[in-house]
Each structure stands twice: as structure tokens, then as C-alpha cells.
Amino acid sequence: CAQSSKSPKPNINKHITDKLEEMVKTYESTNDRWRALGYQKAIQTLRKHPKEISSWEEAKSLPGIGTRLADKIWEIAQSGELRKLKEFESDEELQVLKMFTNVWGAGPHTAQVWYQQGFRTIADLQQKAHLNHQQKVGIRLYDDFLDRMPREEAAEIERVVKNVAESIQPGIIAEICGSYRRGQATCGDVDVLITHPDGKSHKNIFHKLLAKLKESGFLTDDLVSAEETGNQKKYMGVCRLPGPNRKHRRIDVIVVPYNEYGCALVYFTGSAHFNRSLRHLCKKQNMSLNEHALKQGVVRKGKEKIHEGTIIPTPTEEDVFKVLKIPYRPPEERDH
Ligand code: DCP
Ligand code: MG
Ligand code: MN
């Protein structure tokens, strides 16, 4: 949770949560969100549990873990295996759906449609399916996208973007967020957050930066271009470092006004789970938090906001934690 300032303990029940993660992936690919969510909550609870699960009762006593989940947890604890997962692994349809949802730009619905159309392999999709632009890219670069890059490569990618940004607009801030900033050894993509301290130069940088990066051949494909949310601009695409034997890597570039930098930094550093627990904390204090701003005096009626609240300025990340009245948590400790 976001509240504790202690560094996270090692997950003693990793042998169990790893198997449950596989269950989540399967249920997500079949669009069984409720089941996936149930498993996700159990994983979070187990990660926080300070000792190895040593009985069915112990599993059952944990919050949010009912009889069926306790059965599964205890089965893994005892045998190291989960029969249900084995069943899934030998279920042809589930395996194909999982493979199809791993295509960038395809969700569980599309995967199901493809399956119903008789497609079973990536080659089938390539030859016979009606694909949108994103899916074409996702299929062409299927293997590269499934591969997480070493953090050193993410740093190289950041350097390229930083240098070009600096050449366009001196004084620009370009910071790599996401899993890299949280100190992870491998990264699924590179998330670069860009702003300018003068509060206005960020407006001109987005298109120039992307144009220059394309010109040099660094950016190879666009996925989502110039999508605007408020005053922030987000680009999702593909890049490749120069030289032989380089893989294509996913890159996200987000440009934000300087007054939103603190909140944007918190948001894009994540993890997604950490962000959820911050928002949960906000709700309890009648506040709200997103990638743009932290607001106070929010009035909610059920899930609906009756009053949007007013922005509390949070120039830095530290300010966000201060206003929420929780100790500052360095990025390396925001994985849960
Ligand atoms: N984010 C979020 N909720 C989402 C998606 C993203 O809060 N549904 C935030 C938190 C993430 C950050 O954006 O940490 C970057 O998103 P990524 O998908 O790039 O995730 P990570 O960088 O954390 O992991 P990965 O290494 O897989 O890219
Ligand atoms: Mg990322
Ligand atoms: Mn990303």
C-alpha cells in the first residue's frame, strides 16, 4: 500500500503468486475481468503476507480470499502445481486467445472474433485477417514487443530522446519514468516525460521532437499519434537504436505543462497498482489525483463526482506526498 514508508519485503510466497499471475493472464485474455480481478487482489494480499503460507486455514483467513482461492493457494503450496493452470495450458482455444491478445492493439474481443473466424496462428492473422494499422505493426513486431529490454538499453534510448529534445529547446526536462525509474532490471517499454520550466516552451516541442526522431530513423512506427488529453500530449510508437542486432522497442513520449509536472511524474512512474492505492487514499480525504492535478474538496455521491474540487499546486513529487499526508516513497519502492 502507499501509506507505509518501509521498503517492501521480499515476496516469500512468490512460488504461489507466480502461478496465480498466470491465471490472471488467462482470464484477462478471455475477458473474464471479474475472475482476473479476484486473483489480482489475492496476489496483492499474498505479497504483503509476511510469512510462507503453511495451511489452508492460513490462506482462507486472509482478506478477500474465499474457499475456492484458498483451495488453489493451498494446492500450489503443497504440490508446487495448479491443476487448473495445467488444464488451461492444454486448452487450445485459451492458448490461441492468449497469443492473440498479445498482439499490440488487440484486446480480448478482437482475439475472440479472430478465433471465431478460424484463425489459429500469427501467420493466419497476417495472411487472412482484416487488420488495422496498430495490429499490423503489432504482428510484424510480435516477438520484439514480447521481449522486455535490459534497463541499460532503456537508458540508451532515453539519451537519444534527451539529446534531440535539448537541441530543439535548451533547458528542456526529459525524464524516463515507468519501470525504469522504479529501478527494475528490465523494461517493457520506455516512458519519457517531457516538460519545460518556463511553463510555455513545452507547447512547441512535441511535433518538432517527433519529426526529428523520425527523420533520423530512430522512430520506426507510430501507434497512437498526438493524442491529446487536456494540455498533455502523448505519443505511443516504436523506436530502434542504430547499429546491428537491435530490436524494435516500444516508446511512449508524454509532454506536459510545467505546472502539471509533479502529478505527471507520480502518475507515469507508477506502478499502476501504486497509483490505484494513491487514488484510494485520496478518496478517503475527499481529494482526487490523476496525471494532471491533485484536487481537494471533491464531493462524491457514490461513484459520481458532484463537485470537481479545486487544484492544490504540487510543483514536485514530494508535494504530492506531503498533501496526502504520507511519507515520501522513492520510485524504487513503488512497485506495490
Ligand atoms: N499507468 C497507470 N495505469 C495504467 C497504465 C499506466 O497508472 N492502466 C501508469 C503507471 C505506469 C506508467 O503509467 O507505471 C507507465 O505505464 P507502462 O505501461 O509503461 O508500465 P510500466 O512502465 O510500469 O511497466 P513496463 O516495464 O511493462 O512498461
Ligand atoms: Mg513502461
Ligand atoms: Mn508505457
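1. Some thoughts on the overall build of the protein chain
Point 1. Helix and strand counts for the protein chain stand at 16 helices and 12 strands.
Point 2. Taken over the C-alpha trace, the protein chain has a radius of gyration of 22 Å; the compact-globule value for 336 residues is 20 Å, and the two agree within 12%.
Point 3. In terms of overall dimensions, the protein chain has a C-alpha envelope of 60 × 55 × 40 Å along the principal axes.
Point 4. Taking all 336 residues of the protein chain together, the buried fraction comes to 46%.
Point 5. Taking contacts inside the protein chain between residues at least 6 apart in sequence as the whole, the part at least 24 apart equals 56%.
Point 6. Carbon and sulfur atoms make up 50% of the accessible area of the protein chain, which totals about 17,500 Å².
Point 7. Separation of charge centres in the protein chain, based on 53 positive and 45 negative side chains, amounts to 4 Å.

2. Considering the packing of aromatic side chains
How two aromatic rings sit relative to each other is set out by the distance from centre to centre and by the angle between their planes.
Point 1. Scanning all chains against the criterion turns up seven aromatic pairs.
Point 2. Judged by centre distance (5.5 Å) and plane angle (85°), the ring pair of Tyr27 and Phe88 falls under edge-to-face. With Tyr27 in helix α1 (residues 14–29) and Phe88 in helix α5 (residues 83–89), this residue pair connects regions lying 61 residues apart in the sequence.
Point 3. Chaining the aromatic ring pairs together yields one cluster made of Tyr27, Tyr39 and Phe88.
Point 4. Above the plane of the ring of Tyr180 lies Arg151, whose end atom (NZ or CZ) is 4.0 Å from the centre.

3. Notes on the site of ligand 1
Point 1. Taken together, 15 residues surround ligand 1, and among them Arg148, Ser179, Gly188, Asp189 and Asn275 come closest.
Point 2. In the model, an oxygen atom of ligand 1 is placed 2.8 Å from a nitrogen or oxygen of the Gly188 main chain.
Point 3. Here ligand 1 loses 66% of its free accessible area of 550 Å² to cover by the protein chains.
Point 4. Applying the majority rule of atoms within 2 Å of the grid points places ligand 1 in the largest pocket.
Point 5. At the level of elements, α12 (178–181), α14 (261–269) and α15 (272–284) are the ones that each hand at least two residues to the shell around ligand 1.
Point 6. Among the elements that line the shell around ligand 1, the one with the most residues is α14, at three residues.
Point 7. Class assignment of the residues belonging to the shell around ligand 1 gives a composition of four nonpolar, seven polar and four charged.

4. Observations concerning the coordination of the manganese ion (ligand 3)
Point 1. All of the protein donors around the manganese ion (ligand 3) are Asp189 (OD), Asp191 (OD) and Asp252 (OD); their distances to the metal are 2.0 to 2.3 Å.
Point 2. All donors to the manganese ion (ligand 3) come from one chain, and their sequence spacing reads D-x1-D-x60-D.
Point 3. Separating the manganese ion (ligand 3) from the magnesium ion (ligand 2) is a gap of 3.5 Å, bridged by Asp189, which donates to each. Residue Asp191 is located in strand β4 (residues 190–195), and its partner Asp252 is located in strand β7 (residues 249–255); the two are separated by 61 residues in the primary sequence. There is no split in this pair, since Asp191 and Asp252 are both buried.

5. Overview of the coordination of the magnesium ion (ligand 2)
Point 1. On the protein side, the magnesium ion (ligand 2) has Asp189 (OD) and Asp191 (OD) as donor atoms, found 1.9 to 2.2 Å from it.
Point 2. Take Asp189: its relative accessible area is 17%, and that puts it in the buried class.

6. Structural notes on the environment of Gln95
Point 1. Here Gln95 lies in helix α6 (residues 92–101).
Point 2. By relative accessible area, which is 29% here, Gln95 ends up partly exposed.
Point 3. Sequence-distant contacts of Gln95, defined by excluding residues within four places in its chain, comprise Phe88 and Glu89.

7. Things to note about the layout of surface pockets
Point 1. Estimated volume of the largest pocket: approximately 2,100 Å³.
Point 2. At the level of elements, α1, α2 (33–48), α6, α10 (142–146), β6 (232–239), β7, α14 and α15 are the ones that each hand at least two residues to the lining of the largest pocket.

8. A word on the packing of α1 against α2
Point 1. Here α1 crosses α2 at 160°, and the two axes come no closer than 8 Å. By the criterion of interaxial angle, the relationship of α1 to α2 is roughly antiparallel. Helix-helix and strand crossings are classified by hand; for α1 and α2 the assignment is left-handed. Contact residues: Ile16, Thr17, Leu20, Glu21, Met23, Val24, Tyr27 and Glu28 in α1; Arg35, Ala36, Tyr39, Gln40, Ile43, Leu46 and Arg47 in α2.
Point 2. In terms of residue class, the contact of α1 with α2 is made up of nine nonpolar, two polar and four charged.

9. Some details on the nonpolar core
Point 1. In this structure, Ile194, Leu209, Phe218 and Ile251 are the most contacted members of the largest nonpolar core, which totals 29 residues.
Point 2. Going through the elements one at a time, α11 (151–168), β2 (173–176), β4, α13 (202–215), β6 and β7 are the ones with two or more residues in this core.
Point 3. Broken down by element, this core gets its largest block of residues, seven residues, from α11.
Point 4. Those residues in contact with Ile251, other than ones at most four positions away along the chain, are Ile157, Val161, Val190, Val192, Phe218, Leu219, Tyr235, Met236, Gly237, Val238 and Cys239.
Point 5. Counting residues in hydrophobic clusters, the runner-up holds 22 residues, among them Ala36, Ile53, Ala70 and Leu85.

What counts, and where the lines are drawn
- Throughout, residues of each chain are indexed from 1 in the direction in which the sequence is written.
- The order in which chains are written sets their letters, starting at A; the order in which ligands are written sets their numbers, starting at 1.
- In view of the model being predicted, local features appear only for residues whose pLDDT reaches at least 70, and side-chain atom pairs are presented and counted only at 80 or more, with totals across whole chains, interfaces and linings using the full set of residues.
- The side-chain numbers reported here are obtained from all heavy atoms of the structure, hydrogens and water having been left aside.
- In this text, helices come from DSSP runs of H or I with a minimum length of four residues, and strands from runs of E with a minimum of two, each type numbered from the N-terminal end.
- With the radius of gyration taken over C-alpha atoms, the globule rule is written as 2.2 Å times the number of residues to the power 0.38.
- Each residue is placed in one exposure class: buried if its accessible area under a 1.4 Å probe, protein chains only, is under 20% of its type's maximum, exposed if it is over 50%, and partly exposed if it falls in between.
- Residue contacts are counted whenever heavy atoms from the two residues lie within 4.5 Å of one another.
- With residues, only the protein chains shown are counted as cover, and all accessible areas are computed by Shrake-Rupley using a 1.4 Å probe.
- Positive charges come from Lys and Arg alone, negative charges from Asp and Glu alone, with His and the N- and C-terminal ends not counted.
- Each charge is placed at NZ for Lys, CZ for Arg, CG for Asp and CD for Glu.
- Note on aromatic contacts: the rings of Phe and Tyr and the six-membered ring of Trp form a pair at centre separations within 6.5 Å, being stacked when their planes are under 30 degrees apart, edge-to-face when over 60 apart, and tilted otherwise.
- Two conditions define a charge located above a ring, namely a distance within 6 Å from the ring centre to NZ of Lys or CZ of Arg, and an angle within 35 degrees of the ring normal.
- Residues are counted as near a molecule or strand when any one of their heavy atoms sits within 4 Å of it.
- Whenever two N or O atoms come within 3.5 Å, that pair is a polar contact, provided that in protein one can donate a hydrogen and the other can accept it, and provided that, for residues adjacent in sequence, both atoms are side-chain atoms.
- Put simply, the grid is 1 Å and covers the protein atoms alone, a cavity is a trapped set of points that fit a 1.4 Å probe, a pocket is an open set with protein on both sides within 12 Å along at least five of seven lines, and lining residues have an atom within 4 Å of a point.
- A molecule is said to be in a cavity or pocket once over half of its atoms fall within 2 Å of that pocket's grid points.
- Note on residue classes: Ala, Val, Leu, Ile, Met, Phe, Trp, Tyr, Cys and Pro are nonpolar, Asp, Glu, Lys and Arg are charged, and everything else, Gly too, is polar.
- Listed donor atoms are N, O and S within 2.8 Å of the metal (Na, K and Ca: 3.2 Å). As water is not included, a site may look incomplete.
- Grid points are joined across faces, edges and corners, and a volume is the space filled by probe spheres set on the points.
- Throughout, an axis means a line fitted to C-alpha atoms (over the contacting stretch in the case of helices), and angles, computed between N-to-C directions, take values from 0 to 180 degrees.
- Oblique is the label for any angle not covered by the other classes, which are roughly parallel (under 35 degrees), roughly antiparallel (over 145) and roughly perpendicular (65 to 115).
- Less than a right angle of anticlockwise turn of the near helix away from the far helix marks a crossing as left-handed, whereas a clockwise turn marks it as right-handed.
- The term nonpolar core refers to a set of buried residues drawn from Ala, Val, Leu, Ile, Met, Phe, Trp, Tyr and Cys, joined through side-chain atoms within 4.5 Å.

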